[in-house]
Amino acid sequence: MNISFDLDSTLIPNGKEFETENRNGIAKLFGIEEMRKGTRELISYLQNQGHEIHIYTTSFRTKIKIRLTLKYYGIKVSRIVNEKENRKVLKSRNINSSKFPPAFDFDLHIDDLKGVGIESERLNFKAIIVEPTDKNWIEKIKSGIKNVG
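Quantities reported herein were computed from a predicted structural model and do not represent experimental measurements.

**Q** Break down unusual backbone geometry for me, with residues and values.
**A** In this structure, Asp-105 is a non-glycine residue whose phi angle is positive, near 65°. The phi torsion at Asn-124 lies on the positive side, around 60°, for a residue other than glycine. Mapped onto the elements, Asn-124 comes out in the loop between helix 5 (114–123) and strand 5 (126–129). Look at Asn-124 and you get exposed, because its relative accessible area is 70%.

Here is the structure:
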């Protein structure tokens, strides 16, 4: 299955809403962002289960910046879709939505925003919504994938 993850408040904090991995001073200096604790293990687990992992964000971060942050934490993803690409593709398809994972061949999207959950119902795509403060977020995702798959 092609699984996409949101960044802000899902994998990268927007404050102190969840615990993050350790990051050294040099990484901070180079603009490597904090990453939610357990992200690498979860993504590795999903990849070992045969899933392709992608990033799908409405952030304007460059793809290279996102890749550098992921690489620092030992995470490799197949594809990154940022807001620039998202807007272009959704506009060309006349889709009025903040996100539409099927446009990028993503079977399941993981996000923190309830609005994305509403869009998933309205536009008939699969999404798992995880609260930034949910300490059992990894289990929620694993069981959600079993229910979707």
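What follows continues from the structure just given.
**Q** Break down the pairing of strand 4 (residues 108–111) for me, with residues and values.
**A** Burial along strand 4 is two-sided: the face carrying Leu-108 and Ile-110 and the face carrying His-109 and Asp-111 are both buried. Bridge count for strand 1 (residues 2–5) against strand 4 is 3 bridges, and the pairing is parallel. When the bridges of strand 4 are listed, Phe-5 appears paired with Ile-110. In this sheet, strand 5 lies alongside strand 4 in parallel orientation, the contact comprising 4 bridges. The residue bridging His-109 from the neighbouring strand is Ala-127, located in strand 5. For the segment spanning strand 4, helix 5 and strand 5, crossover handedness is right-handed.

**Q** Which residues make up the packing of aromatic side chains, and what values do they have?
**A** Between two aromatic rings, the relevant description is the distance of the centres plus the angle of the planes. By the definition in use, this model includes 5 aromatic pairs. Here Tyr-56 and Phe-104 contribute two aromatic rings whose centre-to-centre distance is 5.1 Å and whose plane-to-plane angle is 65°, an arrangement assigned as edge-to-face. Pair noted here: Tyr-56 is in strand 2 (residues 52–56) and Phe-104 is in the loop between helix 4 (83–92) and strand 4, with a separation of 48 residues, a long-range link. The pair Tyr-56 / Phe-104 is uniform in exposure class, with both members buried. Ring plane angle 90° and centroid distance 4.9 Å describe the contact between Tyr-72 and Tyr-73, whose orientation is recorded as edge-to-face. Relative accessible area serves as the criterion here: at 33%, Tyr-72 is assigned to the partly exposed category.

**Q** Quick one: what's the story with the environment of Ile-32, residue by residue and with numbers?
**A** For Ile-32, the location among the structural elements is in the loop between helix 1 (25–29) and helix 2 (39–48). A relative accessible area of 9% places Ile-32 in the buried class. Taking C-alpha positions, Ile-32 is 15 Å from Ser-59, a pair spaced 27 residues apart along the chain. Here Ile-32 is in contact with Arg-23, Ala-27, Leu-68, Thr-69, Tyr-72 and Tyr-73, once residues within four sequence places are set aside.

**Q** An account of the pattern of salt bridges is requested, with residue identities and associated values reported.
**A** The full count for this structure, using the stated rule, is 10 salt bridges. A salt bridge links Glu-33 to Arg-61; the nearest nitrogen and oxygen atoms lie 2.6 Å apart. Remark: Arg-61 occurs in the loop between strand 2 and helix 3 (63–72) and Glu-33 occurs in the loop between helix 1 and helix 2; sequence separation between them is 28 residues. As far as burial versus exposure is concerned, Glu-33 and Arg-61 are alike and both buried.

Definitions and cut-offs
- Residues numbered from 1 in each chain as written.
- Predicted model: local features only at pLDDT ≥ 70, side-chain atom pairs only at ≥ 80, totals over all residues.
- Heavy atoms only, no water.
- Helix = DSSP H or I, 4+ residues; strand = E, 2+ residues; numbered from the N terminus.
- Buried < 20%, exposed > 50% of the residue type's maximum accessible area, 1.4 Å probe, protein only.
- Pairing = 2+ DSSP bridges.
- Right-handed = clockwise from strand over helix to strand, strands pointing away.
- Phe/Tyr/Trp six-rings, centres within 6.5 Å; stacked < 30°, edge-to-face > 60°.
- Contact = heavy atoms within 4.5 Å.
- Salt bridge = Lys/Arg side-chain N within 4 Å of Asp/Glu carboxyl O.

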